[in-house]
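So the chains spell out like this:
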Amino acid sequence: MKERTQKIIRLTLIYIALSTIAFVAIFPYMWMVLTSFKTRIDAFAVPPVWFFKPVVDHYLEAFVNKGFLQNFVNSLIISLSTTVFSLIIGVPSAYAFARYKLYGDHHIFFYILTTRMAPPITIALPLYLLMARAGFLNTHFAIIAAHTIFNLALVVWLMRGFFKMIPKEIEEAALIDGCSTLRTFFEISLPLASGGLAATAIFCIIMSWNEFLFAMILGGDQAATLTVAIPGLVTTRGTYWGQIAAAGTIITIPILIFFLVVQKHLVRGLTFGAIEG
Amino acid sequence: MKIVRKKKTISIGLMVLTMIAFLVGCFAPAEAVPPAVTEKTYEGITLRFVAEAVPPTEALIKLLPEFEKASGMKVIVEQYPFDHVVEKTMMDLAGKTRIYDVLSTPYQYLGQFAEMGYIVPIEKFMNDPKLRDLEIDYADYIEGMLKASAEWKGELYGFPSNSCIMFLWYRRDLLEDPVERGTFKENYGYYYSIPPTNWIEYKDVAEFFTRPEQELYGVALQGKRHDALTCEWMNYMWSFGGRVLDEEGKPVINSPENVEALEYFVSLLPFAPPGTTTYTWDEVTTAFQKGRVVMAIQWNDQAFGVEDPAKSEVAGKMNYGPVPVKKQPAAHFGAWTYFIPKLSKHPEAAYLFIQWATSKKVQMELARIGMVPARHSSYLDPEVRKIPFFYPATLAALEISNYRPRIPEWEEMNSKMMLAISQALAGEKTSEETLDWLQKEYLKILGK
Amino acid sequence: MKKRRSAKLFLFHLPTMITLMAITLVPFLFALNLSFRAYSLARPGYEGQFIGLDNFRKLLNEDPLFWKSILITLRFVAVAVTLELILGLSIATLLNQKIWGRRFFTSIIIVPMMIAPVVVGLIWSFLLNAEFGVVSYAIKKLGVHLERALLGSVNTALPTVMFIDVWQWTPFMTLILLAGLRALPIEPVEAAQIDGASGLQIFYYITLPLIKPLIFVAILLRSIDSFKLFDTVFILTGGGPAFATELASIYAYRINFKYWNMGYGSAMVLILFLIVLIGIEFFFFFTQREKLHKGVS
């Protein structure tokens, strides 16, 4: 009896704790979503209103009149492309790090890590000039290139861990059987690390989708992402909180969807990359 | 005989036609485009224009199709928030990447751009008969505005684009209320002017109306560490007789007048809402909208927000007047200017564009949606005259138009001033200490 | 056999190397070059002439604000990451319990991490707005009277910013640690339970040591990222009030993109980079020692 009461108390405490934490975590976001549907008076009302007549003005204003829909599409193009490129370039390198010790590869590995450590400002101006000279300013390509740099470190680091988790025996068996290195890589190693690939992909997409500095500097009117469009709502004429809320709501949804779908893999991804590092 | 008569008829006919065309060209509602320019002249040319993402820019974009049709060129507008417009513009100019053909930039960059050779004087375009709009009427520009925003070392570099000015906002209903006036007389011994005309009155009224239990405060200060802070404080500075640089361009920021102005500013803190150190112009407007504040030194273009009954609880209860005076009247002029980069790919087309954008017709349209026009004629427009804060208070303030230094080093000086004043407000330093520090910094910046 | 493999594998490295070299080495050298020059886009006379180590000397001797910003940043990173670690571990432990709905709770708890930093700054500005912010209102209702708004007072601004960072990034820690907890072998825990050890003892003597490597990596990742933090804080406070929240990244931004003093600014950014590098080296040093220890025991 006593044990059962203990168990109930324990469970209750856990639920209370988790609910409180969940509330703190989600409240700001929920409030933003609510605000996106409120008129300006309701949004600023004191005491705050929970029940109100919803309007979609802000969404229309932001996405139709101000063309945020175009920004949304740009963000999508850039994030997806970045992820694809980062994976294509980084995964083979990660595999090489995992499977074979090259003389001096510690240095290379560390150098890759430092690219992530550098404050983005270091690279901002020179990259701008580089892209300008090459004629790539205001194109999706420029931003994709910039994002790929920062993502490469992540890809190499994470995927190296995943590849190391695969027992060497499986690969060696294949090699003995006469498979070439390349075939082994594509037909054995890669499929076994697919969970890791998914996880890495999610991280890449998130980083690129939410990135601000380079999207702003290298973009223009052709390649403006959603993240860049939002601060434009804070003007010297006034801050359009309703539209900010609308844009903020929309910008978070694709990420949330991606995440919810791949949640299981993501958790695994973080571990294995981390432990080996 | 017949042939000669025919020829004569034709010539007379042609002359009449030309005269009519000329007259029509003169007096017809022109697209503010010179007769020499037709839709073929600039066909195929694309003008790239970078500007701040604000309603006046939006309005300008709406009016663009007429201009594009009349001249044949296409205009692409890139809009960014304040900070980032300047970043992108600077990168383009410094990196010589020739992306933008025409700019709209805060006017304090005038000195820097001119000295570094980034922009061109527009005199030659103004005098070019091919480009000159017949109706341009240069005398119609408000002189103070034009000088502040575009004149440097005797040369004109552009036209004012996005202008605004600061003055005094006050709650007419509260200040005029006889009960309040009576109680004030009892406590302070005199009747205040409506609105207060000097700083002593201003502070007394502020103190009188500060009633935290009623959620009411005398003033609101734009106290965040932000551009808004220096913009507001400079009104006090000028009013107290101080300035940033003397005639020779040497910094005098820690002059006794300035110290007095800063001490006064800090002394207003108890009469402002608790959140005032996080306020920029936006929050001051909101404070008024919610009826929390009685007076403030604020921008004129923000007044639309407070006069809109859909957004504001005090619509119709406000009025506007000049900044209180200690030694001289003051009004901080804030503006953006249209500039033409030296490396612009189409400088002439660029000139045509900015001429159009500041033409009488366009300025009138923009005035109606709340942009501060640069022309006297716009103020005479009956629609514009109806906007209470717009016409008298704005015009009066514009005649004063104090402008901040437009030297290249100003951005750094402005940034340090923000820090200095913020420290004074936070009580970390006294006004004298912080301005002494600022003076040392200014000497370093300008000395090197 | 190994030699053949090695040659082929080296080719695998090539795309990465080329990309990185091309796009990072060049800008890095560019910044390095600038740091030795007097180059400003705002001041005439700073055309890029070579001045040797002058920028660095000025930075080290004549710029107390820079060092103040470093201190603020270090304080920020230390407090925020520690809090995130403690909270993250606690939440991860909670989520590791076999209870109904833990997937649901996990999904909700990690939401803050998914929101763009710029949006986070704007949301919290809105919530903490002294006039109509919900959180400000709630604080008032709880009877706490604030003389100045949270973000407007030098005493509370930095803690508030820390709180927001913790709010946003604890989920990151939570996830890493949760994964670690889930991957732990069951046997040691069961054995200890049979031996009569209490929950707390098990946690301290068994669980904690086993996930130590993860903890170190989590700290490393978060420290690097929070050292670079910029967008959110810039929107929230602009570095103010006074100098209270002027993180190193904000100060560097100011020098580079407000003062346009890019020679000096490049030197500053390089020093920042160096500081992070040194920090990482120290960190790796400690983790290596841990590994050595484990090897011996």
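Not measured: the values here are computed from a predicted model.

Criteria and cut-off values
Residues numbered from 1 in each chain as written. Chains lettered and ligands numbered in written order. Predicted model: local features only at pLDDT ≥ 70, side-chain atom pairs only at ≥ 80, totals over all residues. Heavy atoms only, no water. Helix = DSSP H or I, 4+ residues; strand = E, 2+ residues; numbered from the N terminus. Buried < 20%, exposed > 50% of the residue type's maximum accessible area, 1.4 Å probe, protein only. Contact = heavy atoms within 4.5 Å. Areas by Shrake-Rupley, 256 points an atom, 1.4 Å probe, with all protein chains shown as cover. Lys, Arg positive; Asp, Glu negative; His and termini not counted. Charge placed at Lys NZ, Arg CZ, Asp CG, Glu CD. Buried area = accessible area lost by both parts, 1.4 Å probe. Salt bridge = Lys/Arg side-chain N within 4 Å of Asp/Glu carboxyl O. Polar contact = N/O pair within 3.5 Å; in protein donor to acceptor, adjacent residues only side chain to side chain. Nonpolar A, V, L, I, M, F, W, Y, C, P; charged D, E, K, R; others polar. Phe/Tyr/Trp six-rings, centres within 6.5 Å; stacked < 30°, edge-to-face > 60°. Core = buried A, V, L, I, M, F, W, Y, C linked by side-chain atoms within 4.5 Å. Domains from an automatic or database assignment. Patch = residues over 30% accessible without salt bridge, like charges linked within 9 Å, V, L, I, M, F, W, Y side chains within 5 Å. Arc of directions from axis to C-beta. Disulfide = S-S within 2.5 Å. Axes fitted to C-alpha atoms, helices over the stretch in contact; angles between N-to-C directions. Parallel < 35°, antiparallel > 145°, perpendicular 65-115°, else oblique. Left-handed = near helix turned anticlockwise from the far one by under 90°.

Draft legend 1. A look at the overall build of chain C. Counting its regular elements, chain C contains 13 helices and two strands. The C-alpha extent of chain C, read off along each of the three principal axes, is 80 × 75 × 30 Å. In chain C, buried positions account for 58% of the 297 residues. Looking at chain C alone, contacts between residues at least 24 apart form 68% of all its contacts between residues at least 6 apart. When the accessible surface of chain C is split by element, carbon and sulfur atoms take 69% of a total near 13200 Å². Averaging the positions of the 26 positive and the 16 negative side-chain charges in chain C gives two centres separated by 8 Å.

Draft legend 2. Broad picture of the interface of chain A and chain C. Listed as interface residues are 91 residues of chain A and, on the opposing side, 82 residues of chain C. Buried surface at the junction of chain A and chain C, summed over both partners, amounts to about 8100 Å²; 83% is from carbon and sulfur atoms. In terms of surface lost to chain C, no three residues of chain A exceed Leu18, Met117 and Ile121 of chain A, which account for 8% of the buried area on that side. Counting every contact that joins chain A to chain C gives zero salt bridges. Our enumeration of links across chain A and chain C arrives at four residue pairs in polar contact (both at pLDDT 80 or more). Classifying every residue of the side of chain A that touches chain C gives 70 nonpolar, 15 polar and six charged.

Draft legend 3. Up close: the packing of aromatic side chains. By the definition in use, this model includes 55 aromatic pairs over all chains. Taken together, a centroid distance of 4.8 Å and an interplanar angle of 75 degrees make the contact between Phe184 of chain B and Tyr192 of chain B edge-to-face. Each of the two residues, Phe184 of chain B as well as Tyr192 of chain B, counts as buried. Here Trp169 of chain C and Phe172 of chain C contribute two aromatic rings whose centre-to-centre distance is 6.2 Å and whose plane-to-plane angle is 85 degrees, an arrangement assigned as edge-to-face. Pair noted here: Trp169 of chain C and Phe172 of chain C are both in helix 8 (residues 157-183), with a separation of three residues, about one helical turn.

Draft legend 4. Local environment of the interface of chain A and chain B. Contacts between chain A and chain B engage 28 residues on the former and 35 residues on the latter. Between chain A and chain B the total buried area reaches about 2400 Å² when both faces are included, carbon and sulfur atoms providing 56% of it. In this structure, the connection of chain A to chain B is made through zero salt bridges. The tally of links between chain A and chain B comes to five residue pairs in polar contact (both at pLDDT 80 or more). When contributions to the side of chain A that touches chain B are tallied by element, the ones reaching two or more residues are helix 2 (40-43), helix 6 (120-134), helix 11 (213-218), strand 1 (234-235) and strand 2 (238-239) of chain A. It is helix 6 of chain A that provides the largest number of residues to the side of chain A that touches chain B, a total of five residues. Looking at the side of chain A that touches chain B residue by residue, the classes come out as 15 nonpolar, eight polar and five charged.

Draft legend 5. Examining the nonpolar core more closely. Core analysis: the largest hydrophobic core is formed by 317 residues, its most contacted members being Leu218 of chain A together with Tyr202, Trp233, Tyr236, Val244, Phe353 and Met417 of chain B. Apart from the residues within four sequence positions on either side, Met417 of chain B is in contact with Thr230, Trp233, Met234, Val244, Ile253, Trp410, Leu438 and Tyr442 of chain B. Residues Ala94, Tyr95 and Cys204 of chain A together with Phe12 of chain C belong to the second largest nonpolar core, which totals 17 residues.

Draft legend 6. Here's a closer look at the domain arrangement of chain A. Residues and elements named next belong to chain A. The domain boundaries assigned to chain A delineate domain 1 (1-55) and domain 2 (59-276). Using C-alpha coordinates to define each centre, domain 1 is positioned 32 Å away from domain 2. On the side of domain 2, eleven residues touch domain 1, which itself brings eight residues to the contact. Summed over both sides, the interface of domain 1 with domain 2 buries roughly 680 Å², with 68% coming from carbon and sulfur. Across the contact surface, domain 1 and domain 2 share zero salt bridges. At the junction of domain 1 with domain 2, the criterion picks out one residue pair in polar contact (both at pLDDT 80 or more).

Draft legend 7. The arrangement of a negative patch on the surface in detail. Residue and element names in this part refer to chain B. Taken together, the side chains of Glu263, Glu432, Glu433 and Asp436 present a region of like negative charge at the surface. Sorting elements by how many residues they give to the negative patch places helix 20 (residues 431-447) first, with three residues. Mapping Glu263 onto the fold places it in helix 11 (residues 256-267).

Draft legend 8. The arrangement of helix 15 (residues 360-368) of chain B in detail. All names here are of chain B. Within helix 15, burial applies to Val362, Gln363, Leu366 and Ala367. Here the buried residues of helix 15 occupy an arc of 140 degrees about the axis, which is enough to place them on one side. Residues of helix 15 that are buried make contact with helix 2 (55-71), helix 14 (347-357), helix 16 (376-380), helix 17 (382-385) and helix 18 (389-400).

Draft legend 9. The arrangement of unusual backbone geometry in detail. Looking along the chain, the bond that leaves Ile194 of chain B and enters Pro195 of chain B is cis, with omega of -5 degrees. Mapped onto the elements of the fold, Pro195 of chain B is located in the loop between helix 8 (178-188) and helix 9 (199-208). In this model, Ser401 of chain B sits at a positive phi of 45 degrees, which is unusual for a non-glycine residue. Note that Ser401 of chain B resides in the loop between helix 18 and helix 19 (410-425). Phi at Trp260 of chain C is positive, roughly 60 degrees, even though this residue is not glycine. Note that Trp260 of chain C resides in the loop between helix 12 (248-257) and helix 13 (262-296).

Draft legend 10. Just the state of the cysteines, in detail. All names here are of chain B. All chains considered together, the criterion is met by zero disulfides over all chains. Considering cysteine sulfurs only, Cys231 is the nearest to Cys164, which forms no disulfide, with 8.3 Å between them. The class of Cys164 is buried, set by a relative accessible area of 14%. With relative accessibility at 5%, the residue Cys231 sits in the buried group.

Draft legend 11. Examining the packing of helix 1 (residues 2-36) of chain A against helix 3 (residues 64-95) of chain C more closely. Direction vectors running N to C along helix 1 of chain A and helix 3 of chain C enclose 125 degrees, while the axes themselves pass 10 Å from each other. As summarised for this structure, helix 1 of chain A and helix 3 of chain C are arranged oblique, according to the angle between their axes. You can see that helix 1 of chain A and helix 3 of chain C cross each other, and the crossing is left-handed. On helix 3 of chain C, the residues that touch Ile14, Ala17, Leu18 and Ile21 of chain A of helix 1 of chain A are Ile91, Leu94 and Leu95 of chain C. Grouping the constituent residues of the contact of helix 1 of chain A with helix 3 of chain C by class yields seven nonpolar, no polar and no charged.

Draft legend 12. Summary view of a nonpolar patch on the surface. Residue and element names in this part refer to chain C. On the surface, Leu274, Ile278, Phe282, Phe285 and Phe286 cluster together into a nonpolar patch covering about 530 Å² of accessible area. Structurally, Leu274 is set in helix 13. Judged by relative accessible area, which is 46%, Leu274 ranks as partly exposed.

Draft legend 13. Looking closely at the pattern of salt bridges. All names here are of chain B. Evaluated as defined, the whole model comprises 22 salt bridges over all chains. For Glu257, the salt bridge goes to Lys327, with nearest N and O atoms at 3.9 Å. One end of the pair, Glu257, is in helix 11; the other, Lys327, is in the loop between strand 9 (318-321) and strand 10 (333-339), with 70 residues separating them in the sequence. Lys416 is paired through a salt bridge with Glu412; the nearest N and O atoms lie 3.1 Å apart. Of the two residues, Lys416 and Glu412 both sit in helix 19, four residues apart, roughly one turn of that helix. A residue is classified by how much of its surface remains accessible, and Lys416, at 9% relative accessible area, is buried. For Glu412, a relative accessible area of 7% puts it in the buried group. Taken together, the salt bridges that share partners define one network made up of Glu412, Lys416, Glu441 and Lys444.

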